[in-house]
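Next come the chains, spelled out residue by residue.
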Amino acid sequence: MDKVVKTLKVYFYAPIVLALLLVVLYETDMILPGSIRMDANLNFLILSLMEILTLAVIPAALYLFKTKKVREQLVLNPVSSMRRYGILRLLMLGVPLVANTDLYYMSMNTAYGYMAIVLLIVMPFVYPSKSRCEEETGKD
């Protein structure tokens, strides 16, 4: 289980570090912020898609381990199921976090920034500590 916890922590910290790296690159003008000028319709479409995606993945990621199928898998095969579903949950939050951060700086639309901040606030609720992993697999 210790190896799984270490793997999950990498998946937890990687999007946060990547988002912070993007912030540093854009703020130091190594990558030019606002460099993409999108058509208004395309901008609206991407913004709507990211809003729906962000609003959908937050409750889905928080509720993932409460579903019947996942609970059964965690009991039957705790280590591989914890790895699989833990990575899935962390990617559900991490990928939109990085995408929203990048889209914010590319378009300078604050809605992307706010969604990235919300995802960053949600991340500690799925922190993969050893005690949480053991609790979720029922191996107390």
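Further up the page is the structure itself.
Quick caveat: nothing in here was measured; it's all calculated off a predicted structure.

Before going further, it helps to spend a moment on the pattern of salt bridges. Applying the stated criterion across every chain, the model contains two salt bridges. Between Asp2 and Lys130 there is a salt bridge, with the nearest N and O atoms lying 3.0 Å from each other. In this pair, Asp2 sits in helix H1 (residues 2-27) while Lys130 sits in helix H6 (residues 130-137), placing the two residues 128 residues apart along the sequence. Under the relative-accessibility criterion, Lys130 is labelled partly exposed at 38%. One salt bridge in this structure joins Arg89 and Glu136, with 3.4 Å as the shortest N-O distance. Here Glu136 lies in helix H6 and Arg89 lies in helix H4 (residues 78-107), a separation of 47 residues in the sequence. By relative accessible area, which is 14% here, Glu136 ends up buried.

Attention now moves to the side chain of Glu136. A distance of 3.4 Å separates the side chain of Glu136 from the side chain of Arg89, its partner in a polar contact. Those residues in contact with Glu136, other than ones at most four positions away along the chain, are Phe65, Arg71, Leu74, Met82 and Arg89.

A cluster of nonpolar side chains, Leu62, Tyr114, Ile117, Ile121 and Phe125, forms an exposed patch at the surface whose accessible area comes to about 550 Å². Here the element with the most residues in the nonpolar patch is helix H5 (residues 110-122); it accounts for three residues. Looking at where Phe125 falls in the secondary structure, it is placed in the loop between H5 and H6. When its relative accessible area of 54% is taken as the criterion, Phe125 is described as exposed.

Here Ser81 shows up in helix H4. What makes Ser81 buried here is its relative accessible area of 0%. Setting aside chain neighbours within four positions, we find Ser81 in contact with Gln73, Leu74 and Gly86.

Tracing the sequence through the fold places Tyr114 in helix H5. A C-alpha to C-alpha distance of 8.9 Å links Tyr114 and Tyr104, two positions ten residues apart in sequence.

Conventions adopted
- Residues numbered from 1 in each chain as written.
- Predicted model: local features only at pLDDT ≥ 70, side-chain atom pairs only at ≥ 80, totals over all residues.
- Heavy atoms only, no water.
- Salt bridge = Lys/Arg side-chain N within 4 Å of Asp/Glu carboxyl O.
- Helix = DSSP H or I, 4+ residues; strand = E, 2+ residues; numbered from the N terminus.
- Buried < 20%, exposed > 50% of the residue type's maximum accessible area, 1.4 Å probe, protein only.
- Polar contact = N/O pair within 3.5 Å; in protein donor to acceptor, adjacent residues only side chain to side chain.
- Contact = heavy atoms within 4.5 Å.
- Patch = residues over 30% accessible without salt bridge, like charges linked within 9 Å, V, L, I, M, F, W, Y side chains within 5 Å.
- Areas by Shrake-Rupley, 256 points an atom, 1.4 Å probe, with all protein chains shown as cover.

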